[in-house]
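Single-letter residue listing:
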Amino acid sequence: GEVLEEHPDWRNGRPELTWNCIGVGGASLNPAAAEEKLIFRHVYKLANTHPDVVFLHIGENDIVTMDKDDIWRKIVQLVECISAVAHPKAVVIGQVTSFPAQGEAGAKSKHINERLKMYCCGERYQSHNGGAYVSIWKHRIGIFGPNRRRKYARDGVHLNHETMREYAHSVGTAMNQAYNE
C-alpha cells in the first residue's frame, strides 16, 4: 500500500475524490496464515472510510501454498465480506499474476482469473447485504508478456520502479471506470 501511494498516478487526475490505500505486506487468503497477515482480519478498516470503489489486489503470496480453486473461492468470500462491511458501489478485482520467480504458477493464475471472469460476468453481483458491481481488471502493463522478467525487480517478486508507476496508473484507471459505472 505504501509503495502505491508513492506514485501520484494512482489517483489518475481525480483530486476531488478521496483515495485511501490500505495495504498489508505479505497478506494471505490462507486460513492457516498468521492472524496479522490474514486479509480477512483487515476488512474492518474499510468500514469507516465509506468507499465508493474498492480495488482489491490479491498478491501472489498464496499461489504456491493454496489450491487454485480454494484461492478463487476465498477471493469471492473476500468480495462478499467487503460488500457487507463497507457497502461500496463497486469492487474491482485486480487480475491475479504469478511472480517470475515462482515458475509454473502462471497456469494456476490463469485458471483463477478465468474463474473470476465467470464470477464477475460484467453484471451486477447481489449479496444479501446489498449489491456491488464486481468486475475483474486486466492490467495492460506487460507483466504477462515474453519480456515480463524485465518488469520485476531483481528478486523476481516485486515490480520494479517503472512498472510500479504503470501499475499505479492502471489501478487509477480501473477505479475511475468503476466510479463512473
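Check the entry above for the structure.
Computed from a predicted structure; not experimentally measured.

(A) The arrangement of the overall build of the protein chain in detail. The helix and strand inventory of the protein chain stands at 5 helices and 4 strands. Listed by position from the N terminus, the elements making up the protein chain come as α-α-β-α-β-α-β-β-α. By residue count, 44% of the 181 residues in the protein chain fall in the buried class. Put simply, 67% of the contacts in the protein chain that link residues at least 6 apart link residues at least 24 apart. Element-wise, carbon and sulfur atoms account for 50% of the exposed surface of the protein chain, whose accessible area totals about 9,800 Å².

(B) Here's a closer look at unusual backbone geometry. Notably, H50 is not glycine yet its phi reads approximately 50 degrees, a positive angle. Turning to its location among the elements, H50 is positioned in the loop between α2 (44–47) and β1 (53–56). Not every positive phi belongs to a glycine, and H87 is a case in point at roughly 50 degrees. Here H87 shows up in the loop between α3 (68–86) and β2 (90–94).

(C) Spatial organisation of the nonpolar core. Counting 27 residues, the largest nonpolar core has L29, I75, L78, I82 and I112 as its most contacted members. The element best represented in this core is α3, accounting for 8 residues. Grouped together as the second largest cluster of nonpolar side chains are 12 residues, F55, A90, V92 and M175 included.

(D) Just the environment of K37, in detail. As for its placement among the helices and strands, K37 is situated in the loop between α1 (2–5) and α2. The exposure class assigned to K37 is partly exposed, which follows from its relative accessible area of 32%. Considered as a pair, K37 and A27 are 10 residues apart in the sequence and their alpha carbons are 4.6 Å apart. Apart from residues lying up to four places away in sequence, K37 is in contact with G25, G26, A27 and S28.

Procedures and definitions
Residues numbered from 1 in each chain as written. Predicted model: local features only at pLDDT ≥ 70, side-chain atom pairs only at ≥ 80, totals over all residues. Heavy atoms only, no water. Helix = DSSP H or I, 4+ residues; strand = E, 2+ residues; numbered from the N terminus. Buried < 20%, exposed > 50% of the residue type's maximum accessible area, 1.4 Å probe, protein only. Contact = heavy atoms within 4.5 Å. Areas by Shrake-Rupley, 256 points an atom, 1.4 Å probe, with all protein chains shown as cover. Core = buried A, V, L, I, M, F, W, Y, C linked by side-chain atoms within 4.5 Å.

Don't take any of this as a statement about function, it's just geometry.
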